[in-house]
Amino acid sequence: MLPILEPADWNRAKAGQLLQRAGFGGTPAQVDALASLSPQQAARSLFDSAPSTKIEPPPSILLPTLGDKMRTERNRLKLMDPKTRAQKNQEINRAIRAEREKRLTELRGWWLNRMADPLTAAHEKIVLFLHGHFATSEEKVKNPQLLWLQNQMFRQKALGSWSDLVVGVAKDPAMLIYLDGARSKSQQPNENFARELFELFTLGEGNYTEKDIQESARAFTGWSIRLRNKPGEMMDEETHLPSFLNNPRWHDGKSKKIFGQTGNFDGNDVVRLALQQPAAARWITGKLWKFYAGTTPTEDLHAELVAEWKESGQSIRPFLEAMWTHPAFYAPELARQRVKSPVEWLVGLCRQLNRPLPAPALSSEILAQLGQKLFAPPNVKGWDGGITWINTASLQKRYQYAGWVVSGTQGMKELAGMDLGRMAVQSGLVEVPTPMIGEEMADEPNLRKELAQKRRAAATQARELFALPPVPVDEIASPEQRQNPDELVAALARRLLLGDPVPPELLGRFRKAAGRASPVPESDVREVLLAIVQSPVYQVG
C-alpha cells in the first residue's frame, strides 16, 4: 500500500496542486473547499462530484452525415461526362470535409466544456490521458460519430478495470479503422494493432518478440466492424452507426503461441496474456505517474506504484486516488518540471479566471496553434508532452492568447490573422450546402449567390461569437485587495500560481505592473494578471 500524505502536511497549496494536476485548476473558493477536506477525502471528492445523469453527445453527432446522405446521390454521377464527374466529386468531397470539421468543432467544444466543469473535470482528465495513450485521429477515421463513441467508451471505462478498458479499445470501431484491423483476415493478418498494443499501449519496447506480434495478429483476425446499413437503404440515428463485429469466417482458428503459451487464442486472450506480463504493470503505472506528476518516477517510487496497481486489482480509480495522496506527488521539484499541455493551459486559465471558454471554433483554433488538436493527435504515439509543448513559437502564442483571455480581443482586431470564414462555417453560422447533382444543377448559380449573401451575414455574427471581452476585474480582485498593490499582487499570485514561491525577479515584475495608484485601476489589475499568466512559472505546475 502506498504511503499517504499526513493530514498535518495537507494545506491550501497542495489542494491547489491536486486540483490542477488531477483536473484543470479552479477558483480560490474551489481550492479552499478541497483544502478543508483530508487528503483522501479530497482525492475521492474529485470523482464523487460527477453527476450520474446520462451523458448526451452534441446534437449533430448521432445524425446521418452529409457523406451518408450523398451515397445514393453519387450514383447519378455515373451519367455525367468524365470532366463534370471529376469536378462534382471534388465539390462533394470539399463539402463532406467541411461538414465533418463542423461536427468535430462542436464535439471539441462539448468536450472542453466538460473539462471546464468542476464536477466532471477529474473524470475528463483521465479521458484526456486515454485519448493520448490510445491515440486515434480523425484524419484517418474520418467519422466524428466514431470518435465520439470512442471518447464515450473511454469515459465509461476510465475508472474501472484496466483489462476491460484495453479490450474495449481492441473492439472499438475507430481503433479498428485507425490501425487497419477491420479488414484483418486469417489469409492475411494485419499486424498494426498487435504491434501498437504491445509497444505503446501495454508493455513498451523490448518486452515482446516479433513472433508474439505475428501470432497475436492471427488471434485478432475476424474482429471487424458491422456497417448496419447497405448502399441505398434509408438511415437514421438508430441504424447507421457502425459497431463491433466478431466475424468467425475471418478468424484464424488454428493454434497460436503467444508469450510462451499455446492455444486457440482470440483477441480477448491476447489482452489477458499481455497484461499478465511483468512489464505490463510498470508500463501503465509509469505512464500515469508521468501524465499527472510530469516526470518519470524513481525506481523506488515505481516499485511502490506497481505494488499498489496490483493490490488495487489493476483498477484505475483506486490507483489514481492512492497516487494523488502519495507524499511524492507533492514534491516541490515537480512544480517546476510539469509543463501544462495546451488543453490544460487554456481550460485551466479560464477556470482560474472564472470565465467561460472561447467559442468552440476559437478554442479549437487556439489549441491547434499551440500543438494539441483534439481528435487529431500527430501519430499513434499521441503527443510527446512535457517540454515538447514549449518552443519559441508556441510560447509566444501562449502569451498572445493569454492576452486575449485577460484583456479581450478588442472586437475582432486581435483575431484578424485567423481564417474567420472557415471558423464561421465550423460554428454553424453558415450551413454547408449540399452539392447539386443532375437536373438540380440548373439552379446552381442562384444558390451560389444566396450562399455568398449568407456568408457576409455570418461575418457579422462571427464578430459577436468569437470576440472576447476583457476579464471582469470585480470577479478576480476584491475592493480591499485593490487598496494595496502589494496585497493585490500576493492575492493574484496565490490564485494563479497555487501558492508556490515566486522568484524575486518575477515578483518585482508583477509588482511593477500593479503601478502605484490606490485603489489599483482595472487596467493595472489586468496588467498584473497578464504579467503572471505570461510568465514562465505559469506554464508549469
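Relevant structure appears above.
A brief report on the enclosed structure follows. (Residues numbered from 1 in each chain as written. Predicted model: local features only at pLDDT ≥ 70, side-chain atom pairs only at ≥ 80, totals over all residues. Heavy atoms only, no water.)

What about the overall build of the chain?
A count of helical and extended segments in the chain gives 25 helices and four strands. Against the 2.2 N^0.38 benchmark of 24 Å for 541 residues, the chain shows a C-alpha radius of gyration of 26 Å, consistent with a compact globule. When the backbone C-alpha atoms are referred to their principal axes, the chain occupies close to 75 × 70 × 40 Å. Buried positions account for 53% of the 541 residues belonging to the chain. A total accessible area of about 24,100 Å² is found for the chain, and carbon and sulfur atoms account for 51% of it. Between the centroid of the 69 positive side chains of the chain and the centroid of its 62 negative side chains there is a distance of 4 Å. (Helix = DSSP H or I, 4+ residues; strand = E, 2+ residues; numbered from the N terminus. Rg over C-alpha atoms; globule rule 2.2 N^0.38 Å. Buried < 20%, exposed > 50% of the residue type's maximum accessible area, 1.4 Å probe, protein only. Areas by Shrake-Rupley, 256 points an atom, 1.4 Å probe, with all protein chains shown as cover. Lys, Arg positive; Asp, Glu negative; His and termini not counted. Charge placed at Lys NZ, Arg CZ, Asp CG, Glu CD.)

Side note on unusual backbone geometry
Here the residue pair S518 and P519 is connected by a cis peptide bond, since its omega of 5° sits within 30 degrees of zero. By the element assignment, P519 lies in the loop between α24 (504-513) and α25 (522-533). Unusually for a residue other than glycine, D180 sits at a positive phi of about 65°. Mapped onto the elements of the fold, D180 is located in the loop between α10 (173-178) and α11 (192-202). For D180, a relative accessible area of 29% puts it in the partly exposed group.

Section: the packing of helix α19 (residues 392-407) against α25
Here α19 crosses α25 at 150°, and the two axes come no closer than 10 Å. Taken together, α19 and α25 sit at an angle that is classed as roughly antiparallel. The chirality of how α19 crosses α25 is right-handed. Facing α19, whose interface residues are A402, G403, V406 and S407, α25 presents R526, L529, L530 and V533. Here the contact of α19 with α25 is built from residues that sort into five nonpolar, two polar and one charged. (Axes fitted to C-alpha atoms, helices over the stretch in contact; angles between N-to-C directions. Parallel < 35°, antiparallel > 145°, perpendicular 65-115°, else oblique. Left-handed = near helix turned anticlockwise from the far one by under 90°. Contact = heavy atoms within 4.5 Å. Nonpolar A, V, L, I, M, F, W, Y, C, P; charged D, E, K, R; others polar.)

Side note on the nonpolar core
Residues L18, F134, W162, L320 and W324 are the most contacted members of the largest nonpolar core, which totals 160 residues. Per-element tally for this core: the top contributor is helix α5 (residues 82-116), with nine residues. Leave out the neighbours within four places in its chain, and L320 touches F47, I126, L288 and Y292. (Core = buried A, V, L, I, M, F, W, Y, C linked by side-chain atoms within 4.5 Å.)

Details of the packing of aromatic side chains
Evaluated as defined, the whole model comprises 21 aromatic pairs. The interplanar angle of 85° and the centroid separation of 5.3 Å between the aromatic rings of W110 and W148 together place this pair among those described as edge-to-face. Pair noted here: W110 is in helix α5 and W148 is in helix α8 (residues 144-157), with a separation of 38 residues, a long-range link. Aromatic side chains F193 and F201 sit 6.2 Å apart centroid to centroid with 55° between the ring planes, which places their arrangement in the tilted category. The exposure class assigned to F201 is buried, which follows from its relative accessible area of 0%. Joined through ring pairs, the aromatic side chains of F134, F154, W162, F193, F201, F220, W223, F244, W309 and F319 make up one cluster. Its guanidinium or amino end placed over the ring of W223, K171 lies 5.2 Å from that ring's centre, counting from NZ or CZ. Above the ring of Y538, the side-chain terminus of K340 is found at 3.5 Å from the ring centroid. (Phe/Tyr/Trp six-rings, centres within 6.5 Å; stacked < 30°, edge-to-face > 60°. Lys NZ or Arg CZ within 6 Å of the ring centre and 35° of its normal.)

Section: the pattern of salt bridges
The tally for this structure, following the rule as stated, stands at 24 salt bridges. Linking E91 and K88 is a salt bridge whose minimum nitrogen-to-oxygen distance equals 2.8 Å. Note that E91 and K88 are positioned in helix α5 at a spacing of three residues, about one turn of the helix. The residues E91 and K88 share a single accessibility class, namely buried. Here E191 and R195 are joined by a salt bridge, their closest N and O atoms 3.4 Å apart. Looking at E191, the relative accessible area reads 29%, which means it is partly exposed. Take R195: its relative accessible area is 25%, and that puts it in the partly exposed class. (Salt bridge = Lys/Arg side-chain N within 4 Å of Asp/Glu carboxyl O.)

Side note on helix α12 (residues 210-220)
Counting buried residues in α12 gives eight out of 11 residues, a clear majority hidden from the surface. Along α12, the residues that are buried comprise D212, I213, E215, S216, A217, R218, A219 and F220.

A word on the packing of helix α3 (residues 39-48) against helix α16 (residues 316-324)
Axis separation between α3 and α16 bottoms out at 9 Å; the angle between their running directions is 140°. Relative to α16, the element α3 lies oblique. In this structure, α3 meets α16 at a crossing whose hand is right-handed. Of α16, the residues touching α3 (which contributes A43, R44, L46, F47 and D48) are R317, L320, E321 and W324. For the contact of α3 with α16, a count of residues per class yields five nonpolar, no polar and four charged.

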